[in-house]
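What follows is the residue order along each chain.
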Amino acid sequence: MAENIPQLARFLALRHIGPTLINGWAATSALESVPAAERLLAAGADRTDLVRVARSVAYETAFALLYSITAHGYDDEAPDAPGWRLMETTPAGDLTGRSLQALHEDLLSMDPSGQKGGDLSE
């Protein structure tokens, strides 16, 4: 708290992204919800490899989005246009004035397996 950094808000945001948006692809029926993946499974593709591809794409997308929202904050092609920022709020929804910055830097630290995404590059 002395650093005036919204650590709890950072943790809560990242806690949802990793397990739900990235590792959710490992759930039993997740691949079957994507017709192309279902066809690949029916054709004999390895489920473990497909899950790894889906998780890798989800991770890369989440990383890029978090970078864009919390680290970059402006459009390079429109230098005079407004930028953007992700802000912490109180439980009532009021802004605290504290920004959540560079969330992409901690994304892998939320890997529940403890591997910090190491299995994504296998």
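Above: the structure in question.
Trainee: Give a description of the pattern of salt bridges that names residues and reports values.
Mentor: Per the counting criterion, the structure on display carries four salt bridges. In this structure, Asp106 engages Arg10 in a salt bridge whose closest nitrogen and oxygen atoms are separated by 2.5 Å. Of the two residues, Asp106 is situated in the segment after strand S2 (95-99) and Arg10 in helix H1 (residues 7-22); the sequence distance between them amounts to 96 residues. Its relative accessible area of 29% is what places Asp106 among the partly exposed residues. Where Asp49 meets Arg52, a salt bridge forms, and the shortest distance between an N and an O atom there is 3.9 Å. With Asp49 and Arg52 both in helix H3 (residues 47-72) and three residues apart, the pair spans about one turn of that helix. According to the relative accessible area criterion, Arg52 is buried, its value standing at 18%.

Trainee: Describe the environment of Leu107, naming the residues involved and giving the relevant values.
Mentor: Mapped onto the fold, Leu107 is located in the segment after S2. Judged by relative accessible area, Leu107 falls into the buried class, the value being 3%. Residues Leu107 and Phe63, 44 residues apart in the sequence, show an inter-C-alpha distance of 7.1 Å. In this structure, Leu107 is in contact with Leu14, Ile17, Ile22, Tyr59, Ala62, Phe63 and Leu66, ignoring residues within four places of it in sequence.

Trainee: Could you give an account of the nonpolar core, with specific residues and numbers?
Mentor: In this structure, Ala9, Leu14, Ile17, Ile22, Ala58, Tyr59, Ala62, Leu66, Leu100, Leu103, Leu107 and Met110 together form the largest nonpolar core, which totals twelve residues. Those elements that provide at least two residues to this core are H1 and H3. Core analysis: the second largest hydrophobic core is formed by six residues, Leu31, Ala37, Leu50 and Val51 among them.

Trainee: Outline the pairing of S2, listing residues and values.
Mentor: Looking at chain direction, strand S1 (residues 87-89) and S2 are connected through two bridges and run antiparallel. Residue pairing in the sheet places Thr89 in a bridge with Leu95 of S2. If you look at the hairpin formed by S1 and S2, you'll find five residues sitting between the two strands, and Gly93 has a positive phi there, around 95°.

Trainee: Just give me the short version of H1, but keep the residues and values in it.
Mentor: Given a rise of 1.5 Å per residue, 16 residues ought to cover 22 Å, and the 21 Å separating the end C-alpha atoms of H1 matches this to within 8%. For H1, the complete set of buried residues consists of Ala9, Arg10, Leu14, Ile17, Gly18 and Ile22. One face of H1 carries all of its buried residues, which in axial projection span an arc of 145°. Buried-residue contacts for H1 involve H3 and S1.

About the criteria used
Residues numbered from 1 in each chain as written. Predicted model: local features only at pLDDT ≥ 70, side-chain atom pairs only at ≥ 80, totals over all residues. Heavy atoms only, no water. Salt bridge = Lys/Arg side-chain N within 4 Å of Asp/Glu carboxyl O. Helix = DSSP H or I, 4+ residues; strand = E, 2+ residues; numbered from the N terminus. Buried < 20%, exposed > 50% of the residue type's maximum accessible area, 1.4 Å probe, protein only. Contact = heavy atoms within 4.5 Å. Core = buried A, V, L, I, M, F, W, Y, C linked by side-chain atoms within 4.5 Å. Pairing = 2+ DSSP bridges. Expected span 1.5 Å × (residues − 1). Arc of directions from axis to C-beta.

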